[in-house]
Amino acid sequence: MRKVKSLFLIGTVFVLCLFSFVIVGADEGGYKISDYKFEGTYHKNNTVSVTETIKVQFTESRHGIYRTMPLFMEAKRDVGNGKKEVLKYQNEVKDVDVADWNYSTDIDDNYYDIKIGDRSEYVDGDQTYKISYTYVMPDDRVDTGDLIFYSVLGADWGAYIDHFSFDMKFDKAITDKEKENFKIYSGSYGKQGNDLDVKKYFKESAQSGKVNEVTGEAFDIAPRQAITLYCPVHEGYFVGAKKVSKTIPMILLIAAAILALLVLIYELFKKQKKPVQTVEFYPPEGMSSAEVGVIIDEMADDIDLISLIPWWGEKGYLTIEEVPDKKGREGKHASLLLHKVKELPADAPLYQRTLFDALFATNPRNLDDLPRSFSDSFSSAKQNLGAEFRGEKQLSTGKFKAGALLFLACAAYFGALATSSMISLKENLIFGAISAIAILALGLFRLVSYGQDKVRTKGKWITYCIALLVLAGVSIGTMFAATFDGDTFFKFPVYLGVFAVLLVDGIFIGRLVVPTDFKLQYYGKLLGLKQFIKTAEIEKLQMLIDEDPSYFFNVLPYAMVFGLSDHWAKQFKNLKVKPPTWYYGYNAMYWNAFYFNSMLLSGLRDPIQHLRTEAMMKAAASAASSGFSGGGGGGGGGGSW
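Residues numbered from 1 in each chain as written. Predicted model: local features only at pLDDT ≥ 70, side-chain atom pairs only at ≥ 80, totals over all residues. Heavy atoms only, no water.

### A look at the overall build of the protein chain
Here's step 1: Each helix and strand counted, the protein chain has 17 helices and 24 strands in total.
Here's step 2: The buried share of the protein chain, reckoned over its 641 residues, is 51%.
Here's step 3: Accessible surface for the protein chain amounts to roughly 30600 Å². Of this, 56% is attributable to carbon and sulfur atoms. (Helix = DSSP H or I, 4+ residues; strand = E, 2+ residues; numbered from the N terminus. Buried < 20%, exposed > 50% of the residue type's maximum accessible area, 1.4 Å probe, protein only. Areas by Shrake-Rupley, 256 points an atom, 1.4 Å probe, with all protein chains shown as cover.)

### With respect to the sheet that holds strand E13 (residues 183-188)
Here's step 1: Strand order in this open sheet of four strands is E13-E16-E10-E23, and the pairing throughout is mixed. Edge strands, defined here as strands with exactly one partner in the open sheet, are E13 and strand E23 (633-634). (Pairing = 2+ DSSP bridges.)

### Concerning the pairing of strand E10 (residues 146-153)
Here's step 1: Buried residues dominate E10, accounting for eight of its eight residues.
Here's step 2: The pairing of E10 with strand E16 (residues 225-233) spans seven bridges and is antiparallel. Residue pairing in the sheet places Ser151 in a bridge with Thr228 of E16.
Here's step 3: As paired strands, E10 and E23 are joined by two bridges and run parallel to one another. Within the sheet, the bridge partner assigned to Tyr150 lies in E23 and is Gly633.

### Brief notes about the packing of helix H13 (residues 517-535) against helix H15 (residues 551-562)
Packed helix pairs are specified by the crossing angle of their axes together with the interaxial distance, meaning the distance between the axes.
Here's step 1: Taken N-terminus to C-terminus, the directions of H13 and H15 make an angle of 110°; their axes are 11 Å apart at the nearest point. By the criterion of interaxial angle, the relationship of H13 to H15 is roughly perpendicular. Contacts from Leu526, Leu529, Lys530, Phe532 and Ile533 in H13 reach Tyr551, Val555, Tyr558, Ala559 and Phe562 in H15. (Axes fitted to C-alpha atoms, helices over the stretch in contact; angles between N-to-C directions. Parallel < 35°, antiparallel > 145°, perpendicular 65-115°, else oblique. Contact = heavy atoms within 4.5 Å.)

### Focus on the packing of aromatic side chains
Here's step 1: A complete count under the given rule lists 32 aromatic pairs for this structure.
Here's step 2: Residues Phe182 and Phe202 carry aromatic rings whose centres are separated by 5.4 Å and whose planes lie at 85° to one another, so their mutual orientation is edge-to-face. Of the two residues, Phe182 is situated in the loop between helix H2 (176-180) and E13 and Phe202 in strand E14 (residues 199-204); the sequence distance between them amounts to 20 residues.
Here's step 3: What makes Phe182 buried here is its relative accessible area of 4%. (Phe/Tyr/Trp six-rings, centres within 6.5 Å; stacked < 30°, edge-to-face > 60°.)

### Description of unusual backbone geometry
Here's step 1: Cis rather than trans, the peptide bond between Asn363 and Pro364 has omega equal to 5°.
Here's step 2: Notably, Asp220 is not glycine yet its phi reads approximately 50°, a positive angle.
Here's step 3: By secondary structure assignment, the location of Asp220 is in strand E15 (residues 211-221).
Here's step 4: Its relative accessible area of 63% is what places Asp220 among the exposed residues.

Here is the structure:
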């Protein structure tokens, strides 16, 4: 039976590795950091006492700044027998203080937030913020060695930093051998080099002659750059680190059952706000196609940004020219050459300026010759687009609360199953993780894709149902395998009953998400426009073209973010649509709306997504290594508000 368990475990781990989730953040203008000073003490219990002195130059009036720190980290560790695993850790921030400023703290989406300033007052010019806190990292759970892994500068700052310096002291001195392995990683998140050319200097104790302090500095740091200290040290370097306690299986299972039932009751009685769908023929006034793409499914997707290119063309900021590709091929194999006609207005949103400037770093720009750096700019623009919908423009509330409730229920369930074995604790720990993670993955997927239910295609619904069956099968299989030998505190039907309630919770967890009034203001109209794109009659389209010859092109970027550009183009296949003035180089003999859409979509999407895929694969390979810029404890970033 042990062999059967092992085979089952390998199979289920492989299946679960197919499911992943991605999350995003934002850049800001209106300020820069003239000087950033980090002073810290790395204590022997794996905590760091920190004081940060941040000098900010505001070029626009702001209330103040905010500082965010991740409460999670991961590191690739040697777990013995020549094996290495990426271990994840939950961290803690405590003893926070900000000198001479009002501030508030909050924990949101596994980040610790410090908001500095007063909502009723504005500041500008030069300001100094002195922030103190203690960052707590837990026991590393391995006995092959300890690890100093800490970001003194996080990769989430959205401003330029003229000068950064750090001074890290150590309770325990570092040996000469450990000093040789001391590394500094700097640059974009995941980088393993020292791209910022950070200089480090060691200081030795006058008494012991061993290193007990390291300092360094860097200049002219762009947004989204990090500086990380990395040094493997001997086992036992850290003593008294925080450890997670375990409770008995009975208490955990009862807690899981109660939480699961509470979530279910909450879902059943939660009142829903529903949009009123209206009949619409035109996109919303003053709202870009990219912003519509986020509102319709509450996700910033690649196609949302790509749709801006024809949107800019229609507004006169650029033109698009078909040119033969590198092999001299035309038609559907042609390349697209973008020509900048004029700059975006000064008040254009940051996400638009970021993408526009990246596209036209050279003018004209052949999309088949985009540099690798464009992918980073595209990611920043994507983060900035998502950040547009915060504060007063937030689209929904309750995601974090719903996810937290489901997480707590799954965590209790995991703990009950993981600690229930009196014979093979390690094996049941893995089985418990697989079972709980499967149901949690379902719930998180439902929360992340909350806005997609009304726009999900039939094919995506089928994929979702298959994934649901796989996750349920994996969970039930792990429970059966874990309890088969009869060495668990409870029998299989008991765990199955709790799991069944959790499964229902995960399926309907989206009912706990509440759309905001801002979203409802537009959502019904967008659903109406989407429905019109799908069902428009030829006579109505002809009338709209007669009124506005550019009607097809005005709506096309919005059809792209709805995933309906092909359908929209087919609607015009038998209608006379004049080519746009901003698109040329095509063969006029076979030009029509359907050809135009096919050429435009493939010409824009294929080269950008190919570049993006290469960049993400490279970043994933780099992040899987031992150390990297932006990793470890600490880090994070901030911005102005």
